[in-house]
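Coordinate analysis (summary)
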Amino acid sequence: MSVDLKPLELNTPSSDDWVPSLEDTPYQRLGGAEAAMALAGAFYDAMDAHEPALAKLHELDAEGRVNPGTRERFGLFLMGWLGGPQHYAERHGHPRLRMRHGHVPVDLSMRDAWLRAMQRALDARGVTGGLRRFLDERFAQVADFLRNTEG
């Protein structure tokens with residue numbers, strides 16, 4: 001999956017104190033399906049470029065990059081997690097994040113590598129303001145929740 005890394009126009013008002021609601025979800029605020037898929041692509045591009053130990057935990061393509069199937073699955077997951085369509089669950093079942101990541105040792109260094117890749121992706125996509133604060137906090141919570149190894 002090739003992803004254009006130019007930031008999308010975000011659907012954000014001038015106020016910086018945004019909080020999500022049923023009428024104004026992170027999915028909508030980010031820009032919908034295309035933006036969620038682009039964020040997933042930017043995330044794996046950042047991982048490939050800057051977090052090789054983390055990238056190697058994934059299935060790689062012939063060029064040594066995280067493969068397109070993984071990128072697509074994560075994009076579908078992000079759509080639902082951000083409050084959009086539940087395409088991931090429809091195709092793959094409940095995410096069961098801890099179970100799906102249980103075979104991978106997730107310690108502090110892997111958690112931090114994941115968060116660095118996501119921060120780079122959010123930067124590349126131009127996500128700022130209240131949406132960025134919300135996503136930074138939520139991604140940090142999920143990344144810490146997935147830790148399954150000391151250290």
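Above this text sits the structure in question.
Residues numbered from 1 in each chain as written. Predicted model: local features only at pLDDT ≥ 70, side-chain atom pairs only at ≥ 80, totals over all residues. Heavy atoms only, no water.

A look at the environment of N148
Stated precisely, the cut-off is as follows: Here a strand is any run of E in DSSP of at least two residues, a helix any run of H or I of at least four, and the numbering for each starts at the N terminus. Residue contacts are defined here by distance: any two heavy atoms, one from each residue, within 4.5 Å place the two residues in contact. Pairing of N or O atoms within 3.5 Å defines a polar contact, subject to two protein rules: one partner must be a possible hydrogen donor and the other a possible acceptor, and residues neighboring in sequence count only if both atoms are side-chain atoms.
Within the secondary structure, N148 is located in the segment after α8 (129-145). Sequence separation between N148 and D107 is 41 residues, and the spatial gap between their C-alpha atoms is 6.5 Å. Sequence-distant contacts of N148, that is, excluding residues within four places in its chain, are made with H101, G102, V104, P105 and V106. There is a polar contact of 2.7 Å between the side chain of N148 and the backbone nitrogen of V106.

Regarding helix α2 (residues 33-50)
Condition: How far a helix is expected to stretch is found by multiplying one less than its residue total by 1.5 Å. Buried, partly exposed and exposed residues are distinguished by accessible area as a fraction of the type maximum, computed with a 1.4 Å probe on protein chains only: under 20%, between the cut-offs, and over 50%, respectively.
Taking 1.5 Å as the rise per residue, α2 with 18 residues should run 26 Å; its terminal C-alpha atoms sit 26 Å apart, in good agreement. When you tally the buried positions in α2, you get 14 out of 18 residues, the bulk of the element.

Section: the pattern of salt bridges
Put simply, the test is: Think of a salt bridge as a Lys or Arg side-chain nitrogen and an Asp or Glu carboxyl oxygen that are within 4 Å of each other.
By the definition in use, this model includes 13 salt bridges. Here D136 ties to R132 by a salt bridge, and the two come within 2.9 Å at their closest N and O atoms. Separated by four residues within a single helix, D136 and R132 lie in helix α8, roughly one turn from each other. Owing to a relative accessible area of 28%, D136 belongs among the partly exposed residues under this scheme. Take R132: its relative accessible area is 13%, and that puts it in the buried class.

Focus on the packing of aromatic side chains
Applied cut-off: Working definition: rings of Phe, Tyr and Trp (its six-membered ring) pair if their centres are within 6.5 Å, and the pair is stacked with planes under 30 degrees apart, edge-to-face with planes over 60 apart, and tilted otherwise.
Tallied over the full model, the rule gives eleven aromatic pairs. Taken together, a centroid distance of 5.0 Å and an interplanar angle of 55 degrees make the contact between F43 and W114 tilted. One end of the pair, F43, is in helix α2; the other, W114, is in helix α7 (residues 108-124), and 71 residues separate them in sequence. Using a relative accessible area of 0% as the deciding quantity, one classes F43 as buried. Seen from their ring centres, F77 and W81 are 6.5 Å apart, and the 25 degrees between their planes marks the pair as stacked. Residue F77 and its partner W81 are located together in helix α4 (residues 68-81), separated by four residues, close to a single helical turn.

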